[in-house]
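The residues making up each chain are set out below.
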Amino acid sequence: MKKIIIFFIIGVLLFLVPFTLKSKKQNSIIEQTESTSCPLFIKVNNTDVPIEDYLIGVIAGEMPASFHMEALKAQAIASRTYVLKQTNYGKKPILTTTAHQVYNDQQLREEKWKTTFAENEEKITEAVKQTANQILTYNDELITAMFHASSFQYTESAENYSGNPIPYLTATTSPEQLNQEQTTYTFEEINKKLKQNFSKAQLQNAKLQRNDTNRIEQITINKKTWSGRELRTLLNLRSTNFTWEPSATGITIKTYGYGHGVGMSQHGANTMAQGGITAEDILSHYYPSTTIKSINYCKK
């Protein structure tokens, strides 16, 4: 009788194991809780990815895993807000480049991190878990959570960047270490990039006009004017905060910071986090007058 009971129990267990394994395989990297019982998917490269899993790939692509946990958490909240607004809560696809948000799938993360994959994956997953469902709002609406790599002393305002003032995208201090790059062009190289035929003297006498965050608002060379953003694109500069230093043989350009400068500075966020500032206070600094709320996907 005992043998019959034992064989019966073994049979039941063998029957259940495949269903258990199948269930685990279908789960997201981050297990669903009561607050996420209505999962939301983001369409990435023609694939539907659970939003919290998508955020792991975004943080891996947008911010070094070596950054402080509070900076990673701030990035998670900003990126969650950004993707929900950009996709209208998952109804539209999102690009995986800097045009929207950089995204590294698991294969890319494994290739990039290699021997540190498990450690980095765990750290970023934890940042997403700790901020699950948290978003940034202004007047109860999702904000446009712009962010960039680094600023120098001050971030840029949305008004300076695009001409449209946004209350929570104003210029503010940014405490990170100096991020600087220097490139020297010959006069011929500058003319080729600008598709012009300026003389040496005309290039040497360029007039630069700065805005209130010390970025180049516009530059004029021999009566031809470009905005700072236009020149940044033409010369492939890291930011619009740059100097123009003529010499006898060419122009040396020094850039300060990296990116458009609007919203949260990622390196600034890391510096603040290293100084004991929480993710919530980092976000409050870079997105003033905003509120962190917990979203219920079931109502979307």
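You'll find the structure just up there.
If you're wondering where the values come from, they're calculated on a predicted model, not measured in any experiment.

*Asks:* Before we move on, could you go through the sheet that holds strand E3 (residues 134-138) and cite the residues and values that matter?
*Replies:* By definition, the strands of a sheet pair up through backbone hydrogen bonds, in either a parallel or an antiparallel sense. Strand order in the open sheet formed by three strands is E4-E3-E15, and the pairing between neighbours is antiparallel. Both outer strands of the open sheet, strand E4 (141-142) and strand E15 (291-294), are each paired with one neighbouring strand and no more. With four bridges joining them, E3 and E15 adopt antiparallel strand pairing. Directly across from Ile 135, in E15, lies its bridge partner Lys 293. Contacts from helix H3 (residues 69-87) reach E3, E4 and E15, with the element oriented near 70 degrees to E3.

*Asks:* Run through the layout of surface pockets, naming residues and quoting values.
*Replies:* Over the atoms a probe the size of a water molecule is rolled, and this reveals where empty space is left. By volume, the largest pocket is sized at about 430 Å³. Lining the largest pocket are 17 residues, and of these Glu 62, Thr 98, Phe 147, His 148 and His 260 sit closest to its centre. Residue assignment for the lining of the largest pocket shows that the elements contributing at least two residues are helix H2 (51-62) and strand E5 (147-148). Taken as a whole, the second largest pocket holds about 270 Å³ of empty space. What lines the second largest pocket is a set of 17 residues, among which Asn 160, Tyr 161, Gly 228, Arg 229 and Thr 240 lie closest to the centre. If you list the elements that add at least two residues to the lining of the second largest pocket, you get helix H6 (158-162), strand E10 (216-221) and helix H9 (228-235).

*Asks:* Account for H9, naming residues and giving values.
*Replies:* Residues of H9 that are buried: Gly 228, Leu 231 and Leu 235. Across the axial projection of H9, the buried residues extend over an arc of 65 degrees, all falling on one side. Two residues or fewer past H9, Asn 236 is found with a positive phi of approximately 55 degrees.

Basis of the calculations
Residues numbered from 1 in each chain as written. Predicted model: local features only at pLDDT ≥ 70, side-chain atom pairs only at ≥ 80, totals over all residues. Heavy atoms only, no water. Pairing = 2+ DSSP bridges. Helix = DSSP H or I, 4+ residues; strand = E, 2+ residues; numbered from the N terminus. Contact = heavy atoms within 4.5 Å. Axes fitted to C-alpha atoms, helices over the stretch in contact; angles between N-to-C directions. 1 Å grid on protein atoms, 1.4 Å probe; cavity = no way out; pocket = protein on both sides within 12 Å on 5 of 7 lines; lining within 4 Å. Points joined across faces, edges and corners; volume = space filled by probe spheres on them. Buried < 20%, exposed > 50% of the residue type's maximum accessible area, 1.4 Å probe, protein only. Arc of directions from axis to C-beta.

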